[in-house]
Amino acid sequence: MPQRLRFLLDTNVLIPLQDSLQILEANLTNFVRLASVGGHQLMYHPANIADFERDSNLDRRARNLNRIKQYPALESPAQCIWNTPETGPNDSCDNELLYALFCDAVHALITEDRGIHSKARAYGLEHRVYTIQTAEDWLKRLHETRQIVLPNIQDVPIYSLTPELSGAFFDSLNAGYPATSEHDGFDGWFRRKAREDRHAWVYREATGELGAICIYQVQHDEAINDSGEVLIGPALKLCTFKVGEAVRGRKVGELFLKAAFRFATDNACEHVFITAQAATQSYLIRMLADFGFEEHGLYRGDLVLVKTHPLQQPAPNAALSPPEYARRFFPHYRSDATIQKFLVPIQPQFHEILFPDYAAVQAGLFAPTGSVGNAIKLAYLCHAPTKAIRPGDVILFYRTGDEKSVTSVGVVDQFEVSTDATAIATLVSRRTVYSLSEIDDMAKKPTKVVLFRLIGHLDNPVTYDSLIRGGVVTGPIQSIQKITDAAFSKVLNAPRR
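Just so you know, these numbers come straight off a predicted model, no measurement behind them.

*Asks:* Mind showing me how you'd approach the overall build of the protein here?
*Replies:* Helix and strand counts for the protein come out as 18 helices and 17 strands. Against the 2.2 N^0.38 benchmark of 23 Å for 497 residues, the protein shows a C-alpha radius of gyration of 24 Å, consistent with a compact globule. Burial analysis of the protein (497 residues in total) assigns 51% to the buried set. When contacts within the protein are restricted to residue pairs at least 6 apart in sequence, long-range pairs at least 24 apart make up 70% of them. As displayed, the protein offers around 22800 Å² of accessible surface, 51% of which is attributable to carbon and sulfur atoms.

*Asks:* Please clarify how the packing of helix 2 (residues 26-38) against helix 7 (residues 132-143) should be interpreted in this entry.
*Replies:* Relative orientation and spacing of two packed helices are given, respectively, by the angle between their axes and the distance between those axes. Packing of helix 2 against helix 7 brings their axes to within 9 Å, and their N-to-C directions diverge by 40 degrees. The way helix 2 lies across helix 7 gives a crossing that is left-handed. Between helix 2 and helix 7, the residues in contact are Asn27, Leu28, Asn30, Phe31, Leu34, Ala35 and Gly38 and Ile132, Gln133, Ala135, Glu136, Leu139, Lys140 and His143, respectively. Tallied by class, the residues present in the contact of helix 2 with helix 7 amount to seven nonpolar, five polar and two charged.

*Asks:* Any chance you could explain the packing of aromatic side chains here in plain terms?
*Replies:* For any pair of aromatic rings, geometry is given as the distance between the ring centres together with the angle between the planes. Evaluated as defined, the whole model comprises 23 aromatic pairs. Plain terms: the ring middles of phenylalanine 355 and phenylalanine 452 are 6.5 Å apart, the flat faces sit at 70 degrees to each other, and that makes the pair edge-to-face. Taken as a pair, phenylalanine 355 in the loop between helix 13 (348-354) and helix 14 (358-363) and phenylalanine 452 in strand 16 (residues 447-463) lie far apart in primary sequence, 97 residues in all. Residue phenylalanine 452 is classed as buried on the basis of its relative accessible area of 0%. In this structure an aromatic cluster arises from ring pairing among Phe169, Phe170, Phe186, Trp189 and Phe190. Residue placement shows lysine 307 over the ring face of phenylalanine 261; its charged tip is 5.1 Å from the ring centre. Arginine 453 extends its terminal NZ or CZ atom over the ring of phenylalanine 291, reaching a point 5.3 Å from the ring centre.

*Asks:* How do you make sense of the environment of phenylalanine 273 when you look at a structure like this?
*Replies:* When you line up the elements, phenylalanine 273 lands in strand 9 (residues 271-276). Remark: the alpha-carbon pair of phenylalanine 273 and alanine 423, spanning 150 residues in sequence, is separated by 36 Å. If we ignore the near neighbours within four places in the chain, the residues touching phenylalanine 273 are Gln219, Glu222, Ile224, Leu231, Ala235, Leu236, Lys237, Leu238, Phe293, Leu305 and Val306.

*Asks:* I'm lost on the sheet that holds strand 9 in this one. Help?
*Replies:* Strands in a sheet are paired, the pairing made by backbone hydrogen bonds, and the direction either parallel or antiparallel. Read across the sheet, seven strands follow the order 5-6-7-8-9-11-10 without closing on themselves; strand pairing throughout is mixed. For this open sheet the edge positions go to strand 5 (154-157) and strand 10 (293-299), each flanked by a neighbour on one side alone. Here the strands of the sheet are splayed against their neighbours by 30 degrees on average, with no regard to which way each runs. Seen against the sheet, helix 10 (residues 252-266) touches strand 6 (199-204), strand 7 (210-223), strand 8 (230-243), strand 9, strand 10 and strand 11 (302-308) and runs at an angle of roughly 155 degrees to strand 8. Packed onto the sheet, helix 12 (residues 322-329) meets strand 10 and strand 11 and runs at close to 115 degrees relative to strand 11.

*Asks:* I would appreciate a short explanation of the pairing of strand 6 in the present structure.
*Replies:* It is a general feature of regular strands that their side chains alternate between the two faces of the sheet. Sheet topology places strand 5 next to strand 6; four bridges connect them, and they run antiparallel. When the sheet's bridge partners are listed, valine 156 is paired in strand 6 with alanine 200. As defined by bridge partners, strand 6 adjoins strand 7 across six bridges and the pair is classed as antiparallel. Its bridge partner lying in strand 7, tyrosine 203 is registered against alanine 212.

*Asks:* Hey, could you run me through the pattern of salt bridges in this one?
*Replies:* Note that side chains of opposite charge can pair when their charged atoms are close. Scanning the entire structure with this criterion turns up 23 salt bridges. Across the salt bridge formed by arginine 328 and glutamate 294, the nearest N and O atoms sit 3.6 Å from each other. Here glutamate 294 lies in strand 10 and arginine 328 lies in helix 12, a separation of 34 residues in the sequence. Arginine 328 sits in the partly exposed class, given a relative accessible area of 22%. Between arginine 327 and glutamate 324 there is a salt bridge; the shortest N-O distance is 2.6 Å. Of this pair, arginine 327 and glutamate 324 both sit in helix 12, three residues apart, which is roughly one turn of that helix. Residue classification places arginine 327 among the buried positions, given a relative accessible area of 15%. In the salt-bridge network here, residues are joined through shared partners; they are Asp290, Lys377, Asp413 and Arg453.

*Asks:* Hey, could you run me through the pairing of strand 8 in this one?
*Replies:* Across eleven bridges, strand 7 lies against strand 8 in antiparallel orientation. Bridge pairing in strand 8 links alanine 212 to valine 243. Taking the residues that link successive antiparallel strands as the turn, the strand 7-strand 8 hairpin has six residues, and the phi of glycine 228 there is positive, at about 85 degrees. For strand 8 and strand 9, the ladder comprises three bridges, and the chain directions are parallel. Paired with lysine 237 across the two strands is phenylalanine 273, which belongs to strand 9.

*Asks:* Please clarify how the sheet that holds strand 17 (residues 481-483) should be interpreted in this entry.
*Replies:* In spatial order, the strands read 13-16-15-14-12-17; together these six strands make up an open sheet with mixed pairing. At either end of the open sheet lies a strand with only one pairing partner, and these are strand 13 (377-382) and strand 17. Averaged over all neighbouring strand pairs, the angle between strand axes comes to 40 degrees, with direction disregarded. Here three bridges tie strand 12 (residues 341-346) to strand 17, and the two strands are oriented antiparallel to one another. In the strand pairing of strand 17, leucine 343 is matched with glutamine 481.

Criteria and cut-off values
- Once a new chain begins, its residue numbering starts again from 1 and follows that chain's sequence as written.
- Whole-chain, interface and lining totals are the exception, using all residues; otherwise, since this is a predicted model, local features are given only for residues with pLDDT of at least 70 and side-chain atom pairs are given and counted only at 80 or more.
- To get the side-chain values, all heavy atoms of the structure are used, and hydrogens and water are removed first.
- Here a strand is any run of E in DSSP of at least two residues, a helix any run of H or I of at least four, and the numbering for each starts at the N terminus.
- Here the radius of gyration uses the C-alpha set of atoms, whereas the globule reference equals 2.2 Å times the residue count to the power 0.38.
- The buried label applies to any residue whose accessible area, calculated with a 1.4 Å probe on protein chains only, is under 20% of its type's maximum; exposed applies above 50%, and partly exposed to all values in between.
- We call two residues in contact when some of their heavy atoms are within 4.5 Å.
- The protein chains shown are the only cover counted for residues, whose accessible areas, like all others here, come from Shrake-Rupley with a 1.4 Å probe.
- In this analysis an axis means a line fitted to C-alpha atoms, helices contributing only their contacting stretch, and an angle means the value between N-to-C directions, from 0 to 180 degrees.
- Should the near helix be turned anticlockwise from the far one by less than a right angle, the crossing is left-handed, and should it be turned clockwise, the crossing is right-handed.
- Each residue gets one label: Ala, Val, Leu, Ile, Met, Phe, Trp, Tyr, Cys and Pro are nonpolar, Asp, Glu, Lys and Arg are charged, and the others, such as Gly, are polar.
- Here a Phe, Tyr or Trp ring, Trp counted by its six-membered ring, pairs with any other such ring whose centre lies within 6.5 Å, and the pair is stacked when the planes are under 30 degrees apart, edge-to-face when over 60, and tilted otherwise.
- Criterion for a charge above a ring: Lys NZ or Arg CZ within 6 Å of the ring centre, and within 35 degrees of the ring normal.
- We treat two strands as partners when DSSP finds at least two bridges between them.
- When a carboxyl oxygen of Asp or Glu is within 4 Å of a side-chain nitrogen of Lys or Arg, the pair counts as a salt bridge.

Below is the structure:
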């Protein structure tokens, strides 16, 4: 059997689990259920006890201290070296939890505390700190893989959604934008924008119910914050961005961003920006940061986040590593002489799992206008002998079998070799769909884990015959192989077949 995962729970996760008077959120209930199904451990840190003991509600404190005993405590954690006599009690507890993670006492920390997520980035631990929502998504991917399907999103005029304004999906938006003497609330704003022919990307569930929406608009020379900062020229504003609770974990937010970046490129927008509420949209803010959005002050109390989206390829910057360059300027990426390039063979059945939108992109006629069917951040597992791949390297996926063509381009975020199934599951947790049993089978041999960002699919897939004629390869492509800069250029500039 695969080794079980060990999850350390922060106080803000433990409290609702312990308090029988609280109604649990659906994703927390499902996370606990999936942890039980998979035999994973939910644990608390001794520092959590001190957190409970500071509760001024004596009855609740007694209940929590008594009920926490149903979970195992982390035994004898190393003393946190990050705490000093000046460290406050709350910060001290946060540091203790993160230090236990740093020491590899557990695989992951689950917390809703935005401050801990920020600290985790400072210590290089952000990839192992999860919200309840993202932890639930991880376990779904390990134990309910056949139920995970990457969706398509469509571009629609928002007036087509007006009949649904009274539905439950819009309740939180109405609550967050109430009618006052200064404005007519979300409903009124929506109707005014509908008359202006504003558009949105939407995702619907199989039942037809609206599951997610991103309303967008191109603005020109717009002042974006209370300080009057102006984005010169056209900029793409993401005006409303909501992924419903029922569809979270399906990469819909990432697909919205993919659509936004594509739209910004097609419409010469050199910036993409959005406002977000720091208190209630911390998950969105973290996701945006991972795709190059940076804070640019406040607008009426909300954070303003801006992504630079240059039309031309920015020159390499010594201050930016190749992976950071790709994160900051996606879909641009570095391919200069300092960057390695690899051909990665992939069998058709695995190609279809990894790139579910490829067939639609190539068919053209069968892809709904404005649809996007593939996430950006993905993972690929294999047993190739190479150990030379580095973050920032460019990988060209070569579909074997039926097409025998180079189809897709990606940039490596991280490369690891492991025989530890649990470590591999942790690495790919946010990226793709591998069940724990599949990972365990692969980990019987040294497994190469390639975490990458999909730049896109080639408009003109390059056939094996073209690769041979161009001298890119000299024989069958049976394993990952490095190619020259000249060969890489031939692939990207290959004529339409």
